[in-house]
Every structure is written in C-alpha cells, then in structure tokens.
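Chain by chain, the residues:
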Amino acid sequence: MDMRGIEQMIGELRSTAQTAAGKPAQGAQAAGGVDFAEVLQGALKDVSAAQQEARGMAQEFSTGDPNVNLQDVMVNLQKASLSFQQMVQVRNRLVTAYQDIMNMPV
C-alpha cells in the first residue's frame, strides 16, 4: 500500500482535530488538499487488486502453469495478506478516532 495515502489520512485527521479545537486548518488540506474518501477508496482498491492478483497466481500455479513458480505465488500471497492486515489496522484506528470524537462533550 502506498504510504503517501496513509500520510494524507493522518494529515486529514490532524486538520479535522484542529478545526474541532477551534483553530484554523493549516497545511495542504487548507489549500485544497486531497479528499479523504478518495484516498481511503484508492487504498481499498489497491488491497483488493493485490488479493485478486495473488489469488489468480495461486490458481494458475495449482493448474500447473509452467510460467508461475511457487516462490512468486508465496510472495504475492504474503504481500496481499500484509496489505489486508495493514488496512484492517487503519480501519481500527479510524473507528477508534470516530468513537473518541463521538464521545467528546459538546
């Protein structure tokens, strides 16, 4: 997964926290930065693509394709697994941040 996407999400969260605290937003987001939903959707598509590619390679290997070796299949399966685990951790952090914001007294 692209680390720029995660850095952009963190910047978005910081900007939102500053706005919630009554401070003016700073940085790229204030100057018309990226859309948080687009970054998250792009990251999900990247994870999905990695999983589909790994699944396809595994299927090709299991059917006996001579152009696919076991090492490549295992590396791609591990990459897909790691990217999925990373996305789950990002989701958990976002859920925790949302719950923290919702529990703030108004």
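Residues numbered from 1 in each chain as written. Predicted model: local features only at pLDDT ≥ 70, side-chain atom pairs only at ≥ 80, totals over all residues. Heavy atoms only, no water.

The name an unreviewed UniProt entry gives the protein is Flagellar hook-basal body complex protein FliE, with Aromatoleum anaerobium as the organism. The UniProt entry for the protein carries this comment under Sequence similarities (unreviewed entry): "Belongs to the FliE family." Checking UniProt for the protein, the heading Subcellular location (unreviewed entry) contains the comment "Bacterial flagellum basal body". (UniProt positions renumbered as here; feature names shortened; annotations may be inferred.)

Peer 1: Hey, could you go over the side chain of S83 for me, with residue numbers and the actual values?
Peer 2: In this structure, S83 sits in helix α3 (residues 70–102). Relative accessible area serves as the criterion here: at 9%, S83 is assigned to the buried category. For S83, the contacting residues outside a window of four places in its chain are V47 and A50. (Helix = DSSP H or I, 4+ residues; strand = E, 2+ residues; numbered from the N terminus. Buried < 20%, exposed > 50% of the residue type's maximum accessible area, 1.4 Å probe, protein only. Contact = heavy atoms within 4.5 Å.)

Peer 1: Could you give an account of the nonpolar core, with specific residues and numbers?
Peer 2: By size, the foremost hydrophobic cluster in this structure holds 5 residues: I6, M9, V39, V90 and L94. At the level of secondary structure, the elements contributing two or more residues to this core comprise α1 (3–20) and α3. Not counting the four nearest positions on each side in its chain, M9 is found in contact with F36, V39, L40 and V90. (Core = buried A, V, L, I, M, F, W, Y, C linked by side-chain atoms within 4.5 Å.)

Peer 1: Could you give an account of the packing of helix α2 (residues 36–62) against α3, with specific residues and numbers?
Peer 2: Relative to each other, α2 and α3 sit at 155 degrees, their axes nearing to 9 Å. Put simply, α2 runs roughly antiparallel to α3. For α2 against α3, the interelement crossing comes out left-handed. From α2, F36, L40, A43, L44, V47, A50, Q51, E53, A54, M57, A58 and F61 reach across to α3, where they touch L70, D72, V73, N76, L77, A80, S83, F84, M87 and L94. A per-class count over the contact of α2 with α3 returns 17 nonpolar, 3 polar and 2 charged. (Axes fitted to C-alpha atoms, helices over the stretch in contact; angles between N-to-C directions. Parallel < 35°, antiparallel > 145°, perpendicular 65-115°, else oblique. Left-handed = near helix turned anticlockwise from the far one by under 90°. Nonpolar A, V, L, I, M, F, W, Y, C, P; charged D, E, K, R; others polar.)

Peer 1: Tell me what's going on with the layout of surface pockets, and back it up with residues and numbers.
Peer 2: Considered as a void within the structure, the largest pocket measures approximately 200 Å³ in volume. Lining the largest pocket are I6, M9, I10, L13, R14, Q89, V90, R93 and L94. Elements with a contribution of two residues or more to the lining of the largest pocket: α1 and α3. For the lining of the largest pocket, the leading source of residues is α1, giving 5 residues. (1 Å grid on protein atoms, 1.4 Å probe; cavity = no way out; pocket = protein on both sides within 12 Å on 5 of 7 lines; lining within 4 Å. Points joined across faces, edges and corners; volume = space filled by probe spheres on them.)

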